[in-house]
Amino acid sequence: MSDTPGSDQVAIIGAGFAGLCMAIRLTGARIPFTVYEKADDIGGVWRDNTYPGAGCDVPSALYSYSFAVNQRWSRAFPLQDEILDYLRGCVDRYGLRPNLRFGTEIAGARYDEQAGIWRLTATDGREFTARILVPAVGQLNRPKWPDLPGQDTFLGTAFHSARWQHDHDSTGKTVAVIGTGPSAAQFIPHLAADARTLYVFQRSANWVLPKWDYRFGTGHRLLFRSVIGRLALRGLWFCFGDFVLYAAVRGRRLGRVVDFLCHRQLRTQIADESLRAKLTPDFPAGCKRILISDDYFPALARDNVEVITEPIAEITPDGLRTTDGRTVTVDTIVYGTGFTATEFLAPMEIVGRTGRRLRADAWADGASAYLGMTVPEFPNLFLLYGPNTNLGNNSVVVMIEAQVRYVLACVRRLRGAGELEVDPAVFARYQAELAAALHDTVWEAGCTSWYKTESGRVTNNWPGRVIGYRGRTRCPTATDFVLTGRPRHERDTVAGQPESMG
Ligand code: NAP
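An account of the accompanying structure is given in this report. (Residues numbered from 1 in each chain as written. Predicted model: local features only at pLDDT ≥ 70, side-chain atom pairs only at ≥ 80, totals over all residues. Heavy atoms only, no water.)

### Looking at the sheet that holds strand 9 (residues 197-201)
Here is step 1 of the chain: An order of 7-16-8-9-12 is seen for the five strands of this open sheet, with the pairing classed as parallel. The open sheet has two free edges, formed respectively by strand 7 (157-160) and strand 12 (305-308), since each of these has just one partner strand. Across the sheet, the axes of successive neighbouring strands diverge by a mean angle of 15°, strand direction being ignored.
Here is step 2 of the chain: Here five bridges tie strand 8 (residues 174-178) to strand 9, and the two strands are oriented parallel to one another. (Pairing = 2+ DSSP bridges. Helix = DSSP H or I, 4+ residues; strand = E, 2+ residues; numbered from the N terminus. Axes fitted to C-alpha atoms, helices over the stretch in contact; angles between N-to-C directions.)

Printed below as a string of structure tokens:
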């Protein structure tokens, strides 16, 4: 690892679930790499999101790498601190620390066609190079702040859920929460228990599924220790996601199970009819990410909690005013307003072989990449958890592993020399296929969500089953790529013929 040009085969940007998975696989393949991480620790979203109640709404059985299944989960749905512990354990187990370069935020990268390398620039001006670039920065790494009039005039305490102020004590205080997504659904029960009064400003209601969470006892631990037990648990949850929840995404008959469970959760947990009316969404289950919670509705039904659905007109120095003229005085405002999820790779700018900028030019109408990983004119660039690889129905870790396997196969092929770039015709066909598949998903059913751009294009989610994605990414298809044998500066002297992927 050094700053000298040509020193690295692979540069990974980001040390979250995806970047670390790539690092583990490259370590196993003895391919030199560096992971550039802007923060001082690994973990990505699981390092950043430390709000009370932070955890995962994907079952523990599916939330570790398949090659390093965590046998120490404490419960059916893992908590943030144990996920972070698990990832730290992986870093040590696979000896990744020497390859991690913390406090290094990559501002951008440019492909040097003559040398056949990526030139990376950090925000502090340092420069690095690598033959292969693997951005793994996630989709939910930049908090989204709303743009409400008067937002900066508030004199109390205000913070975003992804930047929780742990030195702030809500006990006995009057608190406002803006937003009712999956993050808010996890911290609202905790705030409701501490605060004197909690005002929840809800712009859209959300469907909620029961969580059926429980602590693991000895029996479960033993089950996780046996290979058959692990496979059975993983298989069970995987199939529930890929068949039952997926059916809801596609609006199929089996998806009615999900509708039934959502309606039942609302009916059994909210007795008050006017509150139930407020909490009933006007879009089908799955259009936005379904909340998975047993304590969210009971928290909203508490006497010290009020759900306000009137839109916020402005933030004032001591609270909020809604469009009906009501003012609410609060000590604290917590923004549970999500992330700038459709702005893939922002604020980095990546410049390809022909001088095109990835975000500003290639993605001007929304991000897109072949199988979420490769883009024409950007040779030897492989995105992890890129466009259209998020899921609403299953574990993203499974998707990430599929991508890492695929990228590793490409990296192995490129170890000698050369450039690999997706064929533009293949990419165009893929985009058309994707658009058609997205068209009859529930995400396009008339709700707003972080899955889509302001113009309504779904740039974040994979519209098929996870099994289908794994099948398509099992092995890179030679004819999908244009592969040249040598970098251009060598081709000037040695005629390099385009090859196919063997
Ligand atoms: P989110 O789903 O994008 O929700 C943001 C919330 O803020 C929504 O209720 C939204 O209302 C509201 N909002 C945004 N701007 C607003 C404004 N100007 N005025 C009023 N309300 C506004 O964000 P999130 O809850 O942080 O969750 C994001 C994703 O993170 C989840 O979908 C999930 O994938 C991930 N996450 C995962 C877990 C897990 O357990 N795996 C846990 C937490 C989060 P609208 O709905 O009307 O837009």
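### Some details on the nonpolar core
Here is step 1 of the chain: Grouped together as the largest cluster of nonpolar side chains are 92 residues, with contacts concentrated most on Ile12, Phe17 and Tyr65.
Here is step 2 of the chain: At 13 residues, helix 11 (residues 396-414) tops the list of elements feeding residues into this core.
Here is step 3 of the chain: Contacts of isoleucine 12, omitting those with residues within four sequence positions, involve Gly19, Met22, Ala23, Leu26, Phe33, Thr34, Val35, Tyr36, Val134 and Ala136.
Here is step 4 of the chain: Counting 28 residues, the second largest nonpolar core, distinct from the first, contains Ala54, Phe159, Trp164 and Leu191. (Core = buried A, V, L, I, M, F, W, Y, C linked by side-chain atoms within 4.5 Å. Buried < 20%, exposed > 50% of the residue type's maximum accessible area, 1.4 Å probe, protein only. Contact = heavy atoms within 4.5 Å.)

### Structural notes on the pattern of salt bridges
Here is step 1 of the chain: For the structure on display, the rule yields 15 salt bridges.
Here is step 2 of the chain: With a closest N to O distance of 2.9 Å, aspartate 112 and arginine 119 form a salt bridge.
Here is step 3 of the chain: Across the salt bridge formed by arginine 142 and glutamate 343, the nearest N and O atoms sit 2.7 Å from each other. With arginine 142 in the loop between strand 6 (127-135) and strand 7 and glutamate 343 in the loop between strand 16 (332-335) and strand 17 (349-351), this pair connects stretches of sequence that are 201 residues apart. (Salt bridge = Lys/Arg side-chain N within 4 Å of Asp/Glu carboxyl O.)

### Regarding the state of the cysteines
Here is step 1 of the chain: Taken as a whole and judged by the stated rule, the model has one disulfide.
Here is step 2 of the chain: In this model cysteine 287 forms its disulfide with cysteine 447; the gap between the sulfur atoms is 2.1 Å. Its torsion about the S-S bond being -100°, the disulfide of cysteine 287 and cysteine 447 is classed as left-handed. With a gap of 160 residues between them, cysteine 287 in the loop between helix 8 (273-278) and strand 11 (291-292) and cysteine 447 in the loop between helix 12 (424-439) and helix 13 (466-472) connect regions that are remote in the sequence. (Disulfide = S-S within 2.5 Å.)

These values are about where atoms sit, not about what they do.
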